[in-house]
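# Summary of structural features
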Amino acid sequence: MGVVYLAKDPSRNAEVALKVHLDEEERQACQTTQDLDLDIEAFREKFMGESSLARRVRGAGVVPILDAGIEGGHPWYTSPFVSGGDMSQLLKQGPIAPREAARLLSQAARGADAVHRQGIVHCDIKPANLMLDAKRNVHLTDFGMACFCRLAPGGREASTILAEAMGTPSYMSPEQAAGDLKSVCVQSDVYSLGAVLFEALCGETPHPGRGTYDVLQSVIQDDPGLPSVRRPGVPSELDQICERALRKKISQRYPTALGLAEDLDAWLRGERLVQPVSRGGKRLVWVTGGVLLLLVVAALWAARPATVQDARSLVQLARKELDQGGSPERADALLTEAISQGVGGADAWRLRARARRALGNKHGAEQDEAEWRKAKALDGD
């Protein structure tokens, strides 16, 4: 997609990373993907406008965009230079120790969550875009794809990039690999983070096919298995975290990158996972006297013990979170679990749409509202 230079910014008297997009002739000469239709005006609007990406990419663990422009038909932007290399260089040395892998990916997930809260999906999270500073802390960079994946008011804007060029095959989510660009959402980045964690733990990507087509088909169709199958000794909790992040169905993944980070942090502290779910995504359900008792996330119960004890369903608890000014992330997680279990009917879809609007996930909210209307029609309401 482009070339990155180490440059000197005289206005800041500092070294910066300067990314310059290649034009079609240059891409062909470099034998890079030719399925890229870069819309210069779209770039101008998203990188240089009043509500530009450059103004919105901010937060801890994120490499901000400093300046952007177009020179001779070449879009370009600059970011602070991070001197410690990136995770792809680290992975060339082989698998990373589990605790270090968990620490690095927790930081990456929190960086992703910071931009998700600004209504932006990165769309190309991979080891090469996870920069390391001198203290070996992770910083998410390279928002070139995000230029075309931003969640705009009223729904996701049409992308000018073909599916084959949108992201990097080994780290793409199934919806990206299938070309379903309208379904791209924060959980697409969660999948990519899971793919990087998988590689960090066992030394190879979840879908290591021989060529681009094979990889994309594998991402869409195949279960990658658990990291511990490829590298014995990987802790079972990290197996579980990877498996949930890499689920084919969007609704069965972590609802937010923050949820992924919280589980990694919990494991690092020696505590139970915040959002434990079995491999099949199912929970043990007991019915006693017509009352449905659900085993839900341990940390969520601990956070609001009195509310949870009184709650008779996931949907009721999520409604209380939203009505009482609680956490939209928790409500989203509870409702995602309810929907995956077929609990709550039309109300679950309606409430999750409300939670996702509060989180800035406009596209996800609109999808849930469409499902709510379908469920409502089936119920005869």
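Just so it is clear, the model here is predicted, and its values are computed rather than measured.

The subject of this paragraph is the sheet that holds strand β4 (residues 74-80). Spatial strand order, β1-β2-β4-β3: 4 strands in an open sheet with antiparallel pairing. Looking at which strands have only one partner, the edges of the open sheet turn out to be β1 (2-9) and β3 (67-71). For this sheet, the mean angle separating the axes of adjacent strands, direction not counted, is 25°. Here β3 runs beside β4; their pairing, made up of 5 bridges, is antiparallel. The residue bridging Ile70 from the neighbouring strand is Pro75, located in β4.

This part is about the nonpolar core. If you look at the biggest cluster of nonpolar residues, it comprises 53 residues, and the most contacted ones within it are Met87, Leu105 and Leu193. Of all elements in the fold, only α4 (87-91), α5 (98-116), β5 (130-132), β6 (138-140), α7 (186-202), α8 (212-221), α10 (236-245) and α11 (257-268) reach the threshold of two or more residues within this core. The biggest single contributor to this core is α7, with 10 residues. Once you skip the residues sitting within four places of it in the chain, Met87 turns out to touch Ile96, Leu104, Leu105, Pro127, Leu130, Leu132, Val196 and Ala200.

Before going further, it helps to examine the packing of α5 against α7. Interhelical geometry of α5 versus α7 gives an angle of 165° and a closest axis separation of 10 Å. With respect to their mutual orientation, α5 and α7 come out roughly antiparallel. The way α5 lies across α7 gives a crossing that is right-handed. When α5 is examined against α7, the residues Pro98, Ala101, Leu105, Ala108, Ala109, Ala112 and His116 are found in contact with a partner set consisting of Val186, Asp189, Leu193, Val196, Leu197, Ala200 and Leu201.

Let us now look at the packing of α7 against α11. In contact at an axis separation of 9 Å, α7 and α11 are set at 30° when each is read in the N-to-C sense. Between α7 and α11, the crossing angle belongs to the class labelled roughly parallel. Handedness of the crossing formed by α7 with α11: right-handed. Along the contact surface, α7 presents Val190, Leu193 and Leu197, while α11 presents Ala257, Leu260 and Leu264. Here the contact of α7 with α11 is composed, by residue class, of 6 nonpolar, no polar and no charged.

All of the buried residues in helix α14 (residues 314-323) are Leu314, Val315, Leu317, Ala318, Glu321 and Leu322. For α14, the buried positions fall inside an angular range of 160° around the axis, keeping them on one side. Phi turns positive one or two residues past the end of α14, at Gly325, with a value near 70°.

Moving on to the packing of aromatic side chains. For the structure on display, the rule yields 0 aromatic pairs. A cation sits over an aromatic face here: Arg99 above Trp267, 5.7 Å from the ring centre. For the cation-ring pair, Arg244 lies above Tyr254, with the distance from its terminal atom to the ring centre recorded as 4.8 Å.

By the element assignment, Leu322 lies in helix α14. The exposure class of Leu322 is buried, given its relative accessible area of 14%. In contact with Leu322, other than residues within four places in its own chain, are Pro328, Ala331, Leu351, Arg354 and Ala355.

Within the chain, Asn13 stands out as a residue other than glycine whose phi angle is a positive 50°. Position of Asn13 relative to the elements: it lies in the loop between β1 and β2 (14-21). On the basis of relative accessibility, which here comes to 60%, the residue Asn13 falls in the exposed class. At Arg136, a residue that is not glycine, the phi angle is positive and equals roughly 65°. For Arg136, a relative accessible area of 35% corresponds to the partly exposed category.

About the cut-offs
- Residues numbered from 1 in each chain as written.
- Predicted model: local features only at pLDDT ≥ 70, side-chain atom pairs only at ≥ 80, totals over all residues.
- Heavy atoms only, no water.
- Pairing = 2+ DSSP bridges.
- Helix = DSSP H or I, 4+ residues; strand = E, 2+ residues; numbered from the N terminus.
- Axes fitted to C-alpha atoms, helices over the stretch in contact; angles between N-to-C directions.
- Core = buried A, V, L, I, M, F, W, Y, C linked by side-chain atoms within 4.5 Å.
- Buried < 20%, exposed > 50% of the residue type's maximum accessible area, 1.4 Å probe, protein only.
- Contact = heavy atoms within 4.5 Å.
- Parallel < 35°, antiparallel > 145°, perpendicular 65-115°, else oblique.
- Left-handed = near helix turned anticlockwise from the far one by under 90°.
- Nonpolar A, V, L, I, M, F, W, Y, C, P; charged D, E, K, R; others polar.
- Arc of directions from axis to C-beta.
- Phe/Tyr/Trp six-rings, centres within 6.5 Å; stacked < 30°, edge-to-face > 60°.
- Lys NZ or Arg CZ within 6 Å of the ring centre and 35° of its normal.

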